[in-house]
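The chain contents come next:
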Amino acid sequence: VQGSEIGPEISFHPTSVIDFGAVAIGNEKLMSFIIRNDGSTPLVLDGLKKVNEQSPAWAAVEIVTQVAPGTALPAEGNDTLEIQVRFKPTQSYAITYGPLGYIEVNSNDGDESQAYVTVFGQVASAKLQLTPPDIVDFGVIGPGMVSERTFTFTNVGTVDLNVEYVKIGQNASGEFSIKNDAGLA
């Protein structure tokens, strides 16, 4: 037994995910997805909108292609509609590995009247991670004793990080020193 759906059937191509990757502040990246009707009757679109913000960087995403309510795609994938989306960050945002938000596509599809495209992206930036974090406890140290702690600097960002110097703050008595400055002043 073989059958096919009767009615409109929305589908996204190549996928229902847009991933801008890392985009530098002041730059922009334009990507697109295709809306197609795989059903047996016309698919009528009622519009597109940004929904479900997951990150403040969602504000830097713009749906470039506007779709008028009532736009129809004929049956059987005979016609498609390309939707362009722009990511243009103008400031730095916290790095996130989850979605920025979703594009909602409203239509007359019987089982998906609201279909979603998931949008990912990051602002290209360096991000320093210090291990262990900010405060290090040397424990109780008696006169003439020495205790060492190791710190690791890791760039968890998306562009190169340049460390120009490492400095110990609030060390007027000189109790603390950097043993190996790795070539840094």
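About the thresholds
- Residues numbered from 1 in each chain as written.
- Predicted model: local features only at pLDDT ≥ 70, side-chain atom pairs only at ≥ 80, totals over all residues.
- Heavy atoms only, no water.
- Helix = DSSP H or I, 4+ residues; strand = E, 2+ residues; numbered from the N terminus.
- Rg over C-alpha atoms; globule rule 2.2 N^0.38 Å.
- Contact = heavy atoms within 4.5 Å.
- Areas by Shrake-Rupley, 256 points an atom, 1.4 Å probe, with all protein chains shown as cover.
- Lys, Arg positive; Asp, Glu negative; His and termini not counted.
- Charge placed at Lys NZ, Arg CZ, Asp CG, Glu CD.
- Pairing = 2+ DSSP bridges.
- Axes fitted to C-alpha atoms, helices over the stretch in contact; angles between N-to-C directions.
- Phe/Tyr/Trp six-rings, centres within 6.5 Å; stacked < 30°, edge-to-face > 60°.
- Buried < 20%, exposed > 50% of the residue type's maximum accessible area, 1.4 Å probe, protein only.
- Lys NZ or Arg CZ within 6 Å of the ring centre and 35° of its normal.
- Salt bridge = Lys/Arg side-chain N within 4 Å of Asp/Glu carboxyl O.
- Patch = residues over 30% accessible without salt bridge, like charges linked within 9 Å, V, L, I, M, F, W, Y side chains within 5 Å.
- 1 Å grid on protein atoms, 1.4 Å probe; cavity = no way out; pocket = protein on both sides within 12 Å on 5 of 7 lines; lining within 4 Å.
- Points joined across faces, edges and corners; volume = space filled by probe spheres on them.
- Nonpolar A, V, L, I, M, F, W, Y, C, P; charged D, E, K, R; others polar.

A closer look at the overall build of the protein
Phase 1: On a plain count of helices and strands, the protein comes out with 0 helices and 11 strands.
Phase 2: Starting at the N terminus, the α and β elements of the protein follow one another as β-β-β-β-β-β-β-β-β-β-β.
Phase 3: On C-alpha atoms alone, the protein measures out to a radius of gyration of 26 Å, which is more than a quarter above the 16 Å that the 2.2 N^0.38 rule sets for 185 residues.
Phase 4: Sequence separation of at least 24 residues holds for 69% of the intrachain contacts in the protein that already meet a minimum separation of 6.
Phase 5: Here the protein has roughly 11,700 Å² of accessible surface; of this, 50% comes from carbon and sulfur atoms.
Phase 6: The averaged location of the 22 negative side-chain charges in the protein is 10 Å from the averaged location of its 10 positive side-chain charges.

Re the sheet that holds strand E8 (residues 101-107)
Phase 1: On the basis of which strands lie adjacent, the open sheet formed by 5 strands has the order E2-E9-E8-E4-E6 and mixed pairing. Sheet topology places strand E2 (17-24) and strand E6 (71-73) at the edges, where each strand pairs with a single neighbour. Strand-to-strand twist across the sheet, computed as the mean angle between neighbouring axes with direction ignored, equals 30°.

Quick notes on the packing of aromatic side chains
Phase 1: Within this structure, the stated rule accounts for 2 aromatic pairs.
Phase 2: Between Phe 12 and Phe 33, the aromatic rings sit 5.6 Å apart at their centres with planes inclined by 80°, giving edge-to-face as the arrangement. Of this pair, Phe 12 sits in strand E1 (residues 10-13) while Phe 33 sits in strand E3 (residues 29-37), and the two are 21 residues apart along the sequence.
Phase 3: With a centroid separation of 5.5 Å and 40° between ring planes, the pair formed by Phe 20 and Phe 87 is classed as tilted. One end of the pair, Phe 20, is in strand E2; the other, Phe 87, is in strand E7 (residues 80-87), with 67 residues separating them in the sequence. Grouping residues by exposure puts Phe 20 and Phe 87 together as buried.
Phase 4: A cation over a ring is seen here: Lys 50 above Trp 58, with NZ or CZ 5.0 Å from the ring centre.

Overview of the pattern of salt bridges
Opposite charge on two side chains permits pairing when their charged atoms draw close.
Phase 1: Per the stated rule, a full pass over the model turns up 5 salt bridges.
Phase 2: A salt bridge links Asp 38 to Arg 36, with the nearest nitrogen and oxygen atoms 2.7 Å apart.
Phase 3: Note on Asp 38: relative accessible area 35%, which makes it partly exposed.
Phase 4: On the accessibility criterion, Arg 36 (27% relative accessible area) is partly exposed.
Phase 5: Glu 62 serves as the salt-bridge partner of Arg 86, at 2.7 Å between the closest nitrogen and oxygen. One end of the pair, Arg 86, is in strand E7; the other, Glu 62, is in strand E5 (residues 61-63), and 24 residues separate them in sequence.
Phase 6: Accessibility expressed as a relative area gives 38% for Glu 62, which makes it partly exposed.
Phase 7: A network of salt bridges, in which partner residues are shared, links Glu 28, Glu 62, Arg 86 and Lys 88.

Comments concerning the environment of Trp 58
Phase 1: With respect to the helices, strands and loops of the structure, Trp 58 is situated in the loop between strand E4 (43-51) and E5.
Phase 2: Considered as a pair, Trp 58 and Gly 121 are 63 residues apart in the sequence and their alpha carbons are 8.9 Å apart.

Regarding a nonpolar patch on the surface
Phase 1: On the surface, a nonpolar cluster with roughly 310 Å² of combined accessible area is contributed by Leu 128, Phe 153, Leu 161 and Val 163.
Phase 2: Structurally, Leu 161 is set in the segment after strand E11 (152-155).

With respect to empty space enclosed by the protein
Phase 1: Here the structure, examined in full by the defined rule, presents 1 cavity of 30 Å³ or more.
Phase 2: Here the largest cavity defines a volume of roughly 50 Å³.
Phase 3: Lining the largest cavity, in full, are Ser 55, Ala 57, Tyr 93, Ala 94, Ile 95, Thr 96, Leu 100, Gly 121, Gln 122 and Val 123.
Phase 4: Its residues assigned to classes, the lining of the largest cavity comprises 6 nonpolar, 4 polar and no charged.

Things to note about the sheet that holds E5
Phase 1: If you walk across this open sheet you meet the 4 strands as E1-E3-E7-E5, and the pairing is antiparallel. Single-partner strands in this sheet number two, and they are E1 and E5. The mean angle between the axes of side-by-side strands here comes to 30°, regardless of whether they run parallel or antiparallel.
Phase 2: Taken together, the 4 bridges between E1 and E3 define a ladder with antiparallel strand orientation. What sits directly across from Ser 11, in E3, is Arg 36.

Just distances and angles here, no functional claims.
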